[in-house]
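Chains, contacts and geometry: an overview
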Amino acid sequence: MTAQLIDGKLIAQQVRDGVAGEVAKRTAAGKPKPTLATVLVGDRPDSAAYVSSKGKACMELGMGSISEHLPADISQDELEKLIKKLNRSKKIHGILVQLPLPGHLNEERVLQLINIEKDVDGFSPINIGRLAQKGREPLFVPCTPYGCIYLLEQSGVKIEGSNAVVLGRSNIVGMPAALLLIGKNATVTVCHSRTRDLPGTVRQADILIAAIGKTEMVRGDWIKPGAAVIDVGINAVPDATKKSGQRLVGDVNFAEAKEVAGCITPVPGGVGPMTIAMLMKNTLRAAELQDQ
Ligand code: GUN
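Residues numbered from 1 in each chain as written. Predicted model: local features only at pLDDT ≥ 70, side-chain atom pairs only at ≥ 80, totals over all residues. Heavy atoms only, no water.

1. Side note on the sheet that holds strand β7 (residues 207-210)
Strand order in the open sheet formed by six strands is β1-β11-β8-β7-β5-β6, with parallel pairing between adjacent strands. Each of the sheet's edge strands pairs with one partner strand only, and the pair in question is β1 (4-5) and β6 (187-191). Here strand β5 (residues 163-167) pairs with β6 via five bridges, running parallel. Each bridged residue has a counterpart across the sheet, and for Ala164 the counterpart in β6 is Val188. Packing against the sheet, helix α6 (residues 143-154) makes contact with β7 and β8 (228-231), and its axis sits at approximately 150 degrees to β8. (Pairing = 2+ DSSP bridges. Helix = DSSP H or I, 4+ residues; strand = E, 2+ residues; numbered from the N terminus. Contact = heavy atoms within 4.5 Å. Axes fitted to C-alpha atoms, helices over the stretch in contact; angles between N-to-C directions.)

Given below as structure tokens:
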């Protein structure tokens, strides 16, 4: 192994400790606990697990959380009523609607309804619009891309002037990650399913963010020697040696890439823990914004 391992678990814990410290100071000063409302629609096991980890993290950091669990067949109108109620509540500082929503619901209308001061996921069109424009600052940055950039910065990777390649253009990771990198003066290429020479394009990258959801798609010989590799993929593959019968791997072939990259995140223990850590940071910020 030649690459430096980027320890997301450790860095996420440091972020969480920092947030917990600030929360304790607030409560000692008689300010309200930063409180997150999570909204889960339906019973997707992955979404239920994410939402439950988010609530648990709030508790561990001395923050408040409420969870709203709605049936999969809830109407648009009922869901919108709930968001409006959460917007009005003085006790709630952050609102997170777990995605994806069931197909009959209009995600865009739901996200644009969230008060931007409570938009801790950073998905409201105003926050994303500000992220996309020069000289504008979003109130919140989407948690996973924020975590990716944080890992790069903590690892001493120079973003300014670098060639960055983002694999994937999803609303949740790829696109906001690309916008963040542009904002930090990287030259950014966004690749997707119709990119022609994927290996050749990735080979130009000083920084690679892989968020394409394809098991170990990025091979070692796609990586520029010394590159920083951030693997957002979480893919389950069968593994008879595990009790669960499976293990998690990324979008990058770690065994190959670690011999070429300068630094690299493992899966698990890389980007994964950062998403919730950054959500906690955003929720604290939301409470601070609403103090005034
Ligand atoms: N689904 C997958 N990732 C996320 C996330 O970061 N936020 C929300 N709200 N839904 C998600």
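Here the narrative resumes, following the displayed structure.
2. Considering unusual backbone geometry
Outside of glycine, negative phi angles account for most residues, and trans bonds account for most peptide bonds. In this structure, Pro100 follows Leu99 across a cis peptide bond, with omega equal to 0 degrees. The residue Pro100 is located in the loop between β4 (94-97) and α4 (107-113) in this model. In this chain, Val267 is followed by Pro268 through a cis amide linkage whose omega measures 0 degrees. Structurally, Pro268 is set in the loop between β11 (263-264) and α10 (272-291). The backbone of Asn185 sits at a positive phi, close to 70 degrees, despite the residue not being glycine. Among the secondary structure elements, Asn185 is positioned in the loop between α7 (174-183) and β6. Residue Asn185 is classed as partly exposed on the basis of its relative accessible area, which comes to 46%. The backbone of Glu216 sits at a positive phi, close to 45 degrees, despite the residue not being glycine. (Buried < 20%, exposed > 50% of the residue type's maximum accessible area, 1.4 Å probe, protein only.)

3. What about the site of the ligand?
Surveying the vicinity of the ligand reveals the residues Lys54, Leu96, Val97, Gln98, Leu99, Asp121, Phe123 and Ile172. Take Val97: an N or O atom from its main chain is 2.8 Å from a nitrogen atom of the ligand. Within the contact set of the ligand, a nitrogen atom lies 2.5 Å away from a side-chain nitrogen or oxygen of Asp121. Relative to its unbound accessible surface of 280 Å², the ligand loses 86% to contact with the protein. Along the lines of polarity and charge, the residues of the shell around the ligand split into five nonpolar, one polar and two charged. (Near = heavy atom within 4 Å. Polar contact = N/O pair within 3.5 Å; in protein donor to acceptor, adjacent residues only side chain to side chain. Areas by Shrake-Rupley, 256 points an atom, 1.4 Å probe, with all protein chains shown as cover. Nonpolar A, V, L, I, M, F, W, Y, C, P; charged D, E, K, R; others polar.)

4. A look at the sheet that holds strand β3 (residues 64-70)
Pairing in this open sheet of three strands is parallel, and the strands run β3-β2-β4 from one edge to the other. This sheet does not close on itself; its edge strands, each paired only once, are β3 and β4. Between one strand axis and the next, the sheet turns by 15 degrees as a mean value, whatever way the strands run. With respect to the sheet, helix α3 (residues 76-88) is in contact with β2 (35-41), β3 and β4, its orientation differing from that of β3 by roughly 165 degrees.

5. Things to note about helix α2 (residues 45-60)
With 16 residues, α2 ought to run about 22 Å at 1.5 Å a step, and its terminal C-alpha atoms sit 22 Å apart, in line with that. Regarding α2, the residues found buried are Ser47, Val51, Lys54, Gly55, Ala57 and Cys58. Seen end-on, α2 carries its buried residues on one side only, within an arc spanning 160 degrees. Every exposed residue of α2 that faces more than 90 degrees away from the buried side is listed here: Pro45, Lys56 and Met59. On the buried face of α2, the contacting elements are α1 (8-28), β2, β3, β4 and α10. Looking one or two residues past α2, Gly62 carries a phi angle of roughly 80 degrees, positive in sign. (Expected span 1.5 Å × (residues − 1). Arc of directions from axis to C-beta.)

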